[in-house]
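Geometric and topological summary
Here is what each chain is made of, one letter per residue.
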Amino acid sequence: MNLRTRMPSWIGHHVAAIRVVVALTLLVGLAHPLAMTAIAQVPGLRDNARGSVLAEGGSTLIGQSFLDDDGNPITSYFQSRPSHAGDGYDASASAAGNLGPESTVDVLGPDGRQSLLTQVCARSKAVGELERVDGSRPFCTGDGVGAVLGVFRADGTTGRATRVVSLNQACPAKPFRAVYEGVTVECAEPGTDYARAVVTPVRGDAPAGPAVPADAVTASASGLDPHISPAYAGLQTPRIARERGLDERAVRRLVDEHTTGRGLGVLGAPAVNVVELNAALDRTQPLKGA
């Protein structure tokens, strides 16, 4: 007698399901992970698979902040670009700042919030002071905020100016412009609603090509990028040579050794891995007391 003909259909369904579970467990849960692990040991892939860990600590794939306990740049190290990931380069909080080109007006007061423009202006000013170069940029004030006026006009958005406020300079700050269209410029009072004003960025007289590169004042989309531009590395080279007691040419050679070109010769832009570069600096010229 054929036992299969006597087996209830529901038992047959369960047996088939068990077979599928066992087959998928062996294939997806065992064979696939073992195959991927084996492939990851292939020369050229092994380092990335292990996290590209540096002997000095950290990974070459994730940026680091080279700051002291007070949040100030450690002057003997190349500085990374800004990061919006957590408190900076936090791989568990990778994120962008979600601010775009229209983010030009700050929220003033104790619970204030800086616009993207003011963040860029403040960073550019700070980098300029650190590297002893001109940190000015178009649409930035001398005190490092966005140069933005709120212009009240007679006919709403048109007509003559009746009142002008420097939106990002809280009183009692001195406005970056004394007069605009014949009207005295006022400082902004925190908590005051200036929504009816026409937002008017003012370019100013800063050079079209700022001395401080863009990557020194803007974060990457992930907030984890360990690279800076060759221009930013070059800007920092004199400071590093001065702080480490090295010849500038030696520091430039080290920068060149850690500069990668465009992908496939055409994709992206040349970049310097600042984490690897600082590790190489410590190997070649350790800091006193380190």
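Let us look at the structure shown here. None of these values were measured; they are calculated from a predicted model.

1. Focus: the packing of aromatic side chains
- A complete count under the given rule lists 2 aromatic pairs for this structure.
- For the pair Phe66 and Tyr77, a centre-to-centre distance of 5.6 Å together with 25° between the ring planes defines the contact as stacked. Of this pair, Phe66 sits in the loop between α3 (46-49) and α4 (116-131) while Tyr77 is found in the loop between α3 and α4, placing the two residues 11 residues apart along the sequence.
- According to the relative accessible area criterion, Tyr77 is buried, its value standing at 15%.
- With 6.5 Å between their ring centres and 65° between their planes, Phe152 and Tyr194 make a pair best called edge-to-face. Placement of the pair is Phe152 in strand β1 (residues 148-153) and Tyr194 in the loop between β4 (183-188) and β5 (198-201), with a sequence separation of 42 residues.
- Take Phe152: its relative accessible area is 14%, and that puts it in the buried class.
- We note Arg244 situated over the ring of Tyr77; from NZ or CZ to the ring centre the distance is 4.9 Å.

2. Digging into the environment of Thr162
- Tracing the backbone through its elements, the reader meets Thr162 in strand β2 (residues 161-170).
- C-alpha separation for the pair Thr162 and Ile228, spaced 66 residues apart in sequence, amounts to 46 Å.
- Ignoring anything within four residues of it in the chain, the contact list for Thr162 reads Phe152, Arg153, Ala154 and Val183.

3. Quick notes on helix α6 (residues 248-257)
- Buried within α6 are the following residues: Val251, Leu254 and Val255. Buried residues of α6 fall within an arc of 100° about the axis and therefore sit on the same side. Along α6, exposed side chains directed more than 90 degrees from the buried face belong to Arg249, Arg253, Asp256 and Glu257.
- Considering only its buried residues, α6 is in contact with α5 (230-244), β7 (259-260), β8 (271-273) and α7 (274-284).
- One side-chain oxygen of the residue at the start of α6 lies 2.8 Å from the amide nitrogen of Arg249, identifying that residue as Asp247.

4. A few points about the state of the cysteines
- Tallied over the entire structure, the rule returns 2 disulfides.
- Residue Cys121 pairs covalently with Cys140 via a disulfide, S to S 2.0 Å. Its S-S torsion of approximately -80° makes the covalent link between Cys121 and Cys140 left-handed. Of this pair, Cys121 sits in helix α4 while Cys140 sits in the loop between α4 and β1, placing them 19 residues apart in sequence.
- The partner cysteine of Cys171 in its disulfide is Cys187, sulfur to sulfur 1.8 Å. On the sign convention where negative means left-handed, the S-S torsion of about 100° between Cys171 and Cys187 marks this disulfide as right-handed. Here Cys171 is found in the loop between β2 and β3 (179-180), whereas its partner Cys187 is found in strand β4, with 16 residues between them in sequence.
- With a relative accessible area of 17%, Cys187 lands in the buried category.

5. A short note on the sheet that holds β8
- Reading across from one edge, β6-β8-β7 is the order of the 3 strands in this open sheet, with antiparallel pairing throughout. Pairing within the sheet leaves two strands with one partner each, and these edge strands are β6 (227-228) and β7.
- Pairing of β6 with β8, which is carried by 2 bridges, proceeds in the antiparallel orientation. Across the sheet, residue His227 finds its bridge partner in β8, namely Asn273.

What counts, and at which threshold
- Residues numbered from 1 in each chain as written.
- Predicted model: local features only at pLDDT ≥ 70, side-chain atom pairs only at ≥ 80, totals over all residues.
- Heavy atoms only, no water.
- Phe/Tyr/Trp six-rings, centres within 6.5 Å; stacked < 30°, edge-to-face > 60°.
- Helix = DSSP H or I, 4+ residues; strand = E, 2+ residues; numbered from the N terminus.
- Buried < 20%, exposed > 50% of the residue type's maximum accessible area, 1.4 Å probe, protein only.
- Lys NZ or Arg CZ within 6 Å of the ring centre and 35° of its normal.
- Contact = heavy atoms within 4.5 Å.
- Arc of directions from axis to C-beta.
- Polar contact = N/O pair within 3.5 Å; in protein donor to acceptor, adjacent residues only side chain to side chain.
- Disulfide = S-S within 2.5 Å.
- Pairing = 2+ DSSP bridges.

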